[in-house]
Amino acid sequence: QLQNKILILTICSAGIGGTFQYGYNISNINAPASYIQRFMNTTWLERTGVPLESNVILLLWSFTVSAYPLGGLTGAVVAGPMAIMLGRKMSLLLNNIFVIIAAALSGFSRMAKSFEMIMLSRFFTGMNAGVSMNIQPMYLAESAPKKLRGVVALTSASFTALGLMLGQVVGLRELLGGEESWPFLLASNVVPALIQLTSLPWFPESPRYLLIDRGDKESCISALQKLRGTRDLSAELEEMLAEQAAVKGQRAKNPWELFQNPSLRWQLVSIVVLSSAMQLCGNDSMYFYAAYVFQEAGIPQDKIPYVVIGTGSCELIASVTCNMVIDYAGRRPLLLGGYIFMAGWAIVFMVALSQQTQISWMPYLSMACIFAYILSFGIGPAGVTGVLPTEVFDQMSRPAAYMICGSLIWFNLFLVGTAFPFIVKSLAHFCYVPFLVVCVCTALYVGFFLPETKGKSFLEISEEFKKRNFKTKTRAGFYKGPEEIKTTTL
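The present account deals with the structure reproduced in this document. Here the structure is a predicted model, which means the values were calculated and not measured. (Residues numbered from 1 in each chain as written. Predicted model: local features only at pLDDT ≥ 70, side-chain atom pairs only at ≥ 80, totals over all residues. Heavy atoms only, no water.)

When two helices pack together, their arrangement is given by the angle between the helix axes and by the axis-to-axis distance. Put simply, helix H17 (residues 331-354) and helix H18 (residues 362-379) touch, their axes get as near as 8 Å, and they point 165° apart. Taken together, H17 and H18 sit at an angle that is classed as roughly antiparallel. Two packed elements cross with a definite hand, and for H17 against H18 that hand is left-handed. Contacts between H17 and H18 involve Leu334, Gly338, Phe341, Met342, Trp345, Ala346, Val348, Phe349, Ala352 and Leu353 on the former and, on the latter, Met362, Leu365, Ser366, Cys369, Ile370, Ala372, Tyr373, Ser376, Phe377 and Ile379. Residues belonging to the contact of H17 with H18 are distributed by class as follows: 17 nonpolar, 3 polar and no charged. (Axes fitted to C-alpha atoms, helices over the stretch in contact; angles between N-to-C directions. Helix = DSSP H or I, 4+ residues; strand = E, 2+ residues; numbered from the N terminus. Parallel < 35°, antiparallel > 145°, perpendicular 65-115°, else oblique. Left-handed = near helix turned anticlockwise from the far one by under 90°. Contact = heavy atoms within 4.5 Å. Nonpolar A, V, L, I, M, F, W, Y, C, P; charged D, E, K, R; others polar.)

Following this line, the structure appears as structure tokens:
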């Protein structure tokens, strides 16, 4: 059990200004889409006296939407150096500056009659999400006791799902989704930022960062006492000191150094496969289809936004469930089960879409598939993917690993967002075939190559991967003489 409420409050404070913002800002842009497009047209008309053509409005809108993943990619790249130089907690606090700038830009955009301010605001919002998605799981996993590491780090996914759902709720016409209030809707992300700025300074920095990166044993013990209460800390401190000794004399690595290091080969392949699969598995595209499928199922147009909230709730329920079982079930079964179920639902979904007009009950099956697919994603891939880089890399490689992981997630989000309309156009009802292939390949990789990390210390996980990396070397027939043998002494 959690001995101290400080750890719970730290999780809440880091989450509300962290990954919550990622989910919130992805979903709150959907409700005012038509109003913002109209605003772009009227602004241009006032400036030039000529209205915009519909395809130009669409192009400007796609620039506005793609500014978010572009900002996210930038944030993911700067997150590594920030985490090393400023520390985990200070990075999260300074990250709120991006949101405050974004809220000011979008909040005053209508007054300034500038749709360019909305585009810029989406870029800064993306930067905030890119930084927090990398640093928050790192900060929480390093602050958690070994037995609860999975549960604590996985709260990042629960906050994303909570943000996604609240973004859908706040975007309802009755709240801030109306034509008059959309600037307030886009600027409302400043509230979670202010909550974090006032609460997080009261909580400790990551004990691992203080001891291993800064070499400050006193501060580390003080942070551990705050987080663990009065419990005996000797075993945990001993484990951290062993990790500190293992990386002694090393400096924090750069992303390209991870690619050059043969002892990190399998760790790197694992996070590249899983980070790419997280966006290429088609979960976000389910939201794209949701409104169309609900309409076909006979749900009135004005009631659809309320049903769409159900999809956000689905992901929240799934990630909270995953939170409860991750340290009992382990990481591999959740990932494997998630991708296998998604592959199954993708097949059913494509069949249901192709028979949508022929069989009367097919729209209801499509509807069930959307919920089932989102549930399967939430129960495994959504949360476990963010926990793994913390567990499979040591303290010196971790920030660089998160930079690679985050960059891939944002690049693939941009790729899917850009390519999906064309995939739908060319493959029609069979548009989920590419996602099905990704789910099957990822399930095979997890089943055959990914070791379980549940309940193991960071050093034990490191040793397990070392064995794998060394095994592949001998199998490939590399032999470098006695120096090679020296490095394997136990």
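In this section: the environment of Ile195. Locating Ile195 in the fold gives a position in helix H9 (residues 190-199). Note on Ile195: relative accessible area 42%, which makes it partly exposed. (Buried < 20%, exposed > 50% of the residue type's maximum accessible area, 1.4 Å probe, protein only.)

What follows covers the packing of aromatic side chains. Under the criterion given, the structure shown has 11 aromatic pairs. Geometrically, the ring pair formed by Tyr373 and Tyr432 is edge-to-face, given 5.7 Å between the ring centres and 90° between the ring planes. Of the two residues, Tyr373 sits in helix H18 while Tyr432 sits in the loop between helix H20 (398-427) and helix H21 (433-449), which places them 59 residues apart along the sequence. On the basis of relative accessible area, Tyr373 is assigned to the buried category, the value being 0%. Classification of Tyr432 by relative accessible area gives buried; the value is 0%. Grouped by ring-pair contacts, the aromatic residues Phe349, Tyr373, Tyr432 and Phe435 constitute a single cluster. Looking at Arg122, its charged tip hangs above the ring of Tyr68, at a distance of 4.6 Å from the centre. (Phe/Tyr/Trp six-rings, centres within 6.5 Å; stacked < 30°, edge-to-face > 60°. Lys NZ or Arg CZ within 6 Å of the ring centre and 35° of its normal.)

As a further point, take the pattern of salt bridges. Throughout the structure, instances matching the rule amount to 15 salt bridges. Between Arg228 and Glu236 there is a salt bridge, with its nearest N and O atoms 2.6 Å apart. The buried category is assigned to Glu236, whose relative accessible area is 16%. Across the salt bridge formed by Glu257 and Arg251, the nearest N and O atoms sit 2.7 Å from each other. (Salt bridge = Lys/Arg side-chain N within 4 Å of Asp/Glu carboxyl O.)

A few words now on the state of the cysteines. A complete count under the given rule lists 0 disulfides for this structure. Looking at Cys405, it has no disulfide partner, and the nearest cysteine sulfur is the one in Cys281, 14 Å off. Assessed through its relative accessible area of 4%, Cys405 is described here as buried. The thiol of Cys439 is unpaired, and the distance to the nearest cysteine sulfur, on Cys281, comes to 5.4 Å. (Disulfide = S-S within 2.5 Å.)

When the local axis directions of H20 are compared, the greatest deviation, roughly 40°, occurs at Ala419, which is followed within four positions by the proline Pro421. Directly beyond the C-terminal end of H20, a positive phi value near 50° is found at Ala428. (Bend = angle between axes of the 7 residues up to and from the residue.)

Everything listed here is a matter of geometry and, on its own, says nothing about what the molecule does.
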